[in-house]
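# Architecture at a glance
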Amino acid sequence: MAKDHLLIPGFALLVLLISMPQRTDADLQMGLSLDRLSSAAWSMENVRIDLKLIDAQRLSLQLTADSLNHQALPGALKGIRLECPVVRHQKAYVCDKGRLGIAATPYGPQALEASGRFIDSEHLSLDIQGIRFADGELGVELELIEGRWDVVLDGERIRLESLPEAVTAAWLPEGSDFSGSATLRAKASGFPSGAEAVDLTLQVANFAYADVEGLRVAEEGEFSLQVDAELKGSAWWGSTRLSLSKGQFYADPIFVEVLDRPLLVEFRGDWSPGAKRVRIVESSLLLPSVMEAQGQAEIDTASGAMVDAELRIRSNDLGALYGVILQPMLIGSMVDELEASGVVDTEVSIKKGELQRLHASIEDVNIDDRRGLFALYGLSGGVAWSRQEHNERSELSIEGGQLYRIDFGKLGVRAHAQRGEVRLEAPIALPLMQGTLHIDHLNAEGLLGDQPQWTTSAQFRDISLQALAEAFDWPPMDGTLQGLIPRVHYQQQRLELDGELVVDVFGGTISVGELLIEDPLGRVPELFADLQLSGLDLTQITRTFSFGHITGGLEGEIAGLHLASWEPIAFKARFNTPDKDRIPHRISQRAVDNLTALGNGVGSGLSTTFLGIFKEFRYNRIELQAILNGNVAELDGMPRADGGYYIVKGSGLPRIDVIARNRQVAWKTLLERLKGIRVEGMEMR
């Protein structure tokens, strides 16, 4: 930085005049007029200088100029007048009560107090106060000693909204709207080649800001900024401290409101302008009641990207950390509506802009999905991950949790995570509905890319039907479930079953094939599947559901099952008595009445006829078919010559048949019929 860039032009002219070769007293009483006075940095037009000798120690200086242009100023200064009484003190010339008036400047007319001290061009000082700037005042002090300069700038009551565009254009996006009141004190020192030290203190109150797109907003802000930097070699070394003591601050997608305790950011490091890098060797961030962080980092100043970093982040309130920092970045994902609590201590390593290592210690963490999809309670342990091969294991203990409305008990997890892969190190035995779900293996891949996927296989034993019914508000059921899940594959938000899910229930089996769930943890999950029922015992089924007593076997299928948000959209179902069924066929009066109501909308009314004296009847075959496509269900059974169909074809005496004639019914109407079925302890929804 050239020396001329730092001098107030009027004072620069005084230095130029006094530095001339010594003249006689008579010469000093003469005026000097110049059409133009200039240097590489500034120029003045129509300059008039008058010196008047008062006595041997005192003289007066008067300078006028039509205009002054300086490369450090956003516009010309016009109508300049400097009056300065000068006293000679030993080897110095001193001006204590000078007046500098400027008729027009980019910041309005100025009437300033000026004082200075001059020995020679290498030893001088200058003090100008009362500069009107952005509705406030500035004061400037300059000292030059043997080529070294020191500048102090003080500003009070600076209105940010009144700052000239030329000042704000370099550090604010075009169209930004901001306001506030600032107090400034800045000190800088250096040599003609440039600055070598800077010390800045800035305090801002009632700060408000909004960019054009509304992605960065501040209201009622109050903060202070301190910067201390020194040039060492080709790099600047120093420290910065930012304290936000009040206000609301939003930088998409994060919102922070500062209330009782200030948000503090401190860091120490160096900056190499040529390399376009900022290296932070020590830093700390305190976000009260949310988190605190320490670490080192290297940042690319051109892009703002974090190139390398070693960070440690700790939060004693995972709920606050999630709400302020994590949730805004997870909107649209399956974990964007959580309630959380607990302690998290995380170490993160970043190299060349990529996450390299993560180690998290968690203590008594509880997570609840507000949509009721899942929950984890009492989660403690450690998670270790690295982009490189490593031997660390992740070990977690979970006191319990919930998946949809199904509760599960305590379990432990041992896993290994590296690159984009996570795999179980040991099978998991998950206590579930008075039974156990054994997860034999789990392997997740591609977690760092756009298409994560995972596979697993499992088996369940002794799952209580009673507990399952309670979980889903179904009617009371007895018995247990046994089953095998051969292989489940998840990719691109699609969960597919490779093979068949076989469930042992009601004395037979239910096989689920072609199972596909799209967006299983999303807002509108869709399920597709085909089901085969074989060898089921109607005695167990009807006893379980209190439907009315029926004995005999049952088989069937549900093809093309389609659920959206777990509600039926389409299916083609058939349930019937197996051929050559060896189990005796008996059906109770109540079961007949319920089946009649299902097919026709009204019950059989057996209790009001002479058949009411019989508690049960023999039957030959049961068959019911249903096809759902949108809002209409088509019902069918065993054909009759009169166009109706049998749901139950009787046998023997007294013979009872359940006959239906309506083949199409609105799905809502069919649901109403199901609700009207007399099933003890059951509420259809």
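Starting afresh in each chain, residues are numbered from 1 along the sequence in its written order. For this predicted model, a pLDDT threshold of at least 70 governs which residues receive local features, and a threshold of 80 or more governs which side-chain atom pairs are given and counted, while totals over whole chains, interfaces and linings are taken from all residues. Only hydrogens and water are set aside when side-chain values are computed; all heavy atoms of the structure are taken into account.

## Here we look at the overall build of the protein
Secondary structure summary: the protein contains 8 helices and 44 strands in total. Expressed as a percentage of the 685 residues in the protein, the buried residues total 40%. Contacts are assigned to residue pairs that have any heavy atoms within 4.5 Å of one another. Sequence separation of at least 24 residues holds for 46% of the intrachain contacts in the protein that already meet a minimum separation of 6. For the accessible areas, the method is Shrake-Rupley and the probe is 1.4 Å, while residue cover comes only from the protein chains on display. Put simply, the protein shows about 36,400 Å² of open surface, and 53% of that area lies on carbon and sulfur atoms. Each helix is a run of H or I in the DSSP string that is no shorter than four residues. Each strand is a run of E no shorter than two, and both are numbered from the N terminus. Here the term buried applies to any residue with accessible area under 20% of the maximum for its type, exposed to any over 50%, and partly exposed to those in between, with areas from a 1.4 Å probe on protein chains only.

## Focus on the pairing of strand β28 (residues 435-445)
In this description, strands pair whenever DSSP reports at least two bridges between them. Where strand β26 (residues 421-424) lies against β28, 2 bridges are found, and the strand directions are antiparallel. By the bridge assignment for β28, Val422 is matched with Ala444. When strand β27 (residues 428-432) meets β28, the two strands line up antiparallel, connected through 5 bridges. Note that in β28 the partner of Ala429 across the bridge is His438. Hairpin connection, β27 to β28: the antiparallel pair is bridged by 2 residues, and Met433 has positive phi, about 50 degrees.

## Re unusual backbone geometry
Note the cis peptide between Asp252 and Pro253, where omega equals 10 degrees. Structurally, Pro253 can be placed in the loop between β13 (235-251) and β14 (254-258). A positive phi is found at Asp135, a non-glycine position, where the angle reads about 65 degrees. The topology assignment puts Asp135 in the loop between β7 (123-133) and β8 (136-145). A positive phi is found at Arg419, a non-glycine position, where the angle reads about 50 degrees. Among the secondary structure elements, Arg419 is positioned in the loop between β25 (411-418) and β26.

## Concerning the side chain of Ser511
With respect to the helices and strands, the residue Ser511 is situated in strand β33 (residues 508-518). Taking the relative accessible area as the measure of exposure, Ser511 reaches 14% and is therefore buried. Once you skip the residues sitting within four places of it in the chain, Ser511 turns out to touch Glu500, Leu501, Val502, Asp530, Leu531 and Gln532.

## A short note on the state of the cysteines
Throughout, disulfides are identified as pairs of cysteine sulfur atoms within 2.5 Å of each other. A complete count under the given rule lists 1 disulfide for this structure. Covalent S-S linkage joins Cys84 and Cys95, the inter-sulfur distance amounting to 1.7 Å. Placement of the pair is Cys84 in strand β4 (residues 77-89) and Cys95 in strand β5 (residues 92-104), with a sequence separation of 11 residues.

## Some thoughts on the pattern of salt bridges
Here, a salt bridge means any side-chain nitrogen of Lys or Arg that lies within 4 Å of a carboxyl oxygen of Asp or Glu. For the structure on display, the rule yields 34 salt bridges. Close ionic contact of Arg357 with Glu347 constitutes a salt bridge, the shortest N to O distance being 3.8 Å. Taken together, the residues span a long stretch of sequence, with Arg357 in strand β20 (residues 354-369) and Glu347 in strand β19 (residues 338-351) at a distance of 10 residues. Overall, Arg357 belongs to the partly exposed group, its relative accessible area being 30%. Given a relative accessible area of 33%, Glu347 falls into the partly exposed group. Among the salt bridges present, the one from Arg371 reaches Asp369, with a minimum N-O distance of 3.3 Å. Residue classification places Arg371 among the partly exposed positions, given a relative accessible area of 25%.

## Looking at the environment of Gly342
Structurally, the position occupied by Gly342 is in strand β19. By relative accessible area, which is 13% here, Gly342 ends up buried. As a C-alpha pair, Gly342 and Val365 span 23 residues in sequence and 4.1 Å in three-dimensional space. Look past the residues within four positions of Gly342 in its chain and what remains in contact with it is Ser315, Asn316, Asp317, Leu318, Glu363, Asp364 and Val365.

## A closer look at the pairing of β25
Counting buried positions along β25 gives 6 out of 8 residues, so the element sits mostly inside the fold. Taken together, the 5 bridges between strand β22 (residues 394-398) and β25 define a ladder with antiparallel strand orientation. Bridge pairing in β25 links Ser394 to Ala415. Where β25 and β26 come together, 4 bridges link them in antiparallel fashion. What sits directly across from Ala415, in β26, is Leu424.

## So, the confidence of the model for the protein
On a range of 0 to 100, pLDDT expresses the predictor's confidence in each residue. Summary statistics for the protein give a mean pLDDT of 84 and a share of 88% for residues scoring 70 or more. In this model, residues 601-614 is a region of pLDDT below 50 whose contacts with residues beyond four sequence positions or in other chains number 26 contacts.

## Some points on the packing of aromatic side chains
Put simply, two rings from Phe, Tyr or Trp (the six-membered ring, in Trp's case) pair if the centres are within 6.5 Å, and we call them stacked under 30 degrees between planes, edge-to-face over 60, tilted for the rest. Scanning all chains against the criterion turns up 3 aromatic pairs. With a centroid separation of 5.4 Å and 90 degrees between ring planes, the pair formed by Phe207 and Phe223 is classed as edge-to-face. Pair noted here: Phe207 is in strand β11 (residues 194-210) and Phe223 is in strand β12 (residues 216-232), with a separation of 16 residues, a long-range link. Both residues of the pair, Phe207 and Phe223, belong to the buried class. Ring plane angle 15 degrees and centroid distance 5.5 Å describe the contact between Trp454 and Tyr490, whose orientation is recorded as stacked. Taken together, the residues Trp454 in strand β29 (residues 453-464) and Tyr490 in strand β30 (residues 480-491) connect sequence positions 36 residues apart. Owing to a relative accessible area of 26%, Trp454 belongs among the partly exposed residues under this scheme. When its relative accessible area of 9% is taken as the criterion, Tyr490 is described as buried.

## Some details on the environment of Gly304
Note that Gly304 resides in the loop between β17 (291-300) and β18 (306-315). On a C-alpha basis, the gap between Gly304 and Val278 in space is 9.7 Å, while along the polypeptide they are 26 residues apart.

## Here's the deal with the environment of Lys97
Take Lys97: it is sitting in strand β5. Residues Lys97 and Pro85, 12 residues apart in the sequence, show an inter-C-alpha distance of 6.9 Å.

## Points about the side chain of Ser243
Relative to the helices and strands, Ser243 is located in strand β13. Setting aside anything within four residues of it in sequence, one finds Ser243 in contact with Glu222, Phe223, Ser224, Pro262, Leu263 and Leu264.

## What to know about helix α4 (residues 318-329)
Because an α-helix completes one turn every 3.6 residues, residues spaced three or four positions apart along the sequence face the same direction. Taken together, the buried positions of α4 are Leu318, Ala320, Leu321, Tyr322, Val324, Ile325 and Pro328. Among the structural elements, β14, β16 (277-287), β17, β18, β19 and β20 are those in contact with the buried residues of α4. Measuring from the side-chain oxygen of the N-cap residue of α4 to the backbone nitrogen of Gly319 gives 3.1 Å; that N-cap residue is Asp317. Polar contact criterion, stated in full: a pair of N or O atoms within 3.5 Å, where within protein one must be able to donate a hydrogen and the other to accept it, and residues adjacent in sequence count only if both atoms are side-chain atoms.

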